[in-house]
Amino acid sequence: MGASKEKPIDVCETFCYDEDTVSRIRPKIDKMDGVEQIFKALADATRLKIAYALTLERELCVCDIATIIGATKATASHHLRLLKNMGLAKHRKEGKLVFYSLEDEHVHQLVTIATVHAKEGVNRGRE
């Protein structure tokens, strides 16, 4: 039996494009520079868990975060520092403790929306 030669149904069968649409959108694509870094930072499971924890509680101590994610203080601090350097989190020191929170409401919304979307996907049968 030979291999099936069926064409994928999710690919155009011919190449053509709308010049006006492409001309309007193409210049805006360059304005995405830097956005990929946000998603790259949140693509790490540990950092995403930390960010999610910070949506559930306005502010958490490094020790709390380490315990929540089941990691050492050093590991938690490493991930928190990266989130801070990427502009996704901020910190404040109180005596010997360091507390972290999300940088702003935009980061909170990104994580919350992604979480809701993922849960909806599971509810529709996707895993």
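This text goes with the structure placed above it.
These numbers come from a predicted model, not from an experiment.

K.L.:
Help me understand helix α1 (residues 19-29) in this model?
P.N.:
Since the α-helix turns once every 3.6 residues, residues separated by three or four places project in the same direction. The element α1 is largely exposed, with a buried count of zero among its eleven residues. Its side-chain oxygen at 3.0 Å from the backbone nitrogen of Asp20, Asp18 defines the N-terminal cap of α1.

K.L.:
Got a minute to help me understand the layout of surface pockets in this structure?
P.N.:
One way to see where empty space is left: roll a probe the size of a water molecule over the atoms. In this structure, the largest pocket encloses a volume near 180 Å³. Around the largest pocket, the lining residues are Leu54, Thr55, Arg58, Lys90, Ser101, Leu102, Asp104, Glu105 and His108. Going through the elements one at a time, α3 (45-56), β3 (97-102) and α6 (105-123) are the ones with two or more residues in the lining of the largest pocket. For the lining of the largest pocket, the class distribution of residues is two nonpolar, three polar and four charged.

Reading guide: rules and limits
- Residues numbered from 1 in each chain as written.
- Predicted model: local features only at pLDDT ≥ 70, side-chain atom pairs only at ≥ 80, totals over all residues.
- Heavy atoms only, no water.
- Buried < 20%, exposed > 50% of the residue type's maximum accessible area, 1.4 Å probe, protein only.
- Helix = DSSP H or I, 4+ residues; strand = E, 2+ residues; numbered from the N terminus.
- Polar contact = N/O pair within 3.5 Å; in protein donor to acceptor, adjacent residues only side chain to side chain.
- 1 Å grid on protein atoms, 1.4 Å probe; cavity = no way out; pocket = protein on both sides within 12 Å on 5 of 7 lines; lining within 4 Å.
- Points joined across faces, edges and corners; volume = space filled by probe spheres on them.
- Nonpolar A, V, L, I, M, F, W, Y, C, P; charged D, E, K, R; others polar.

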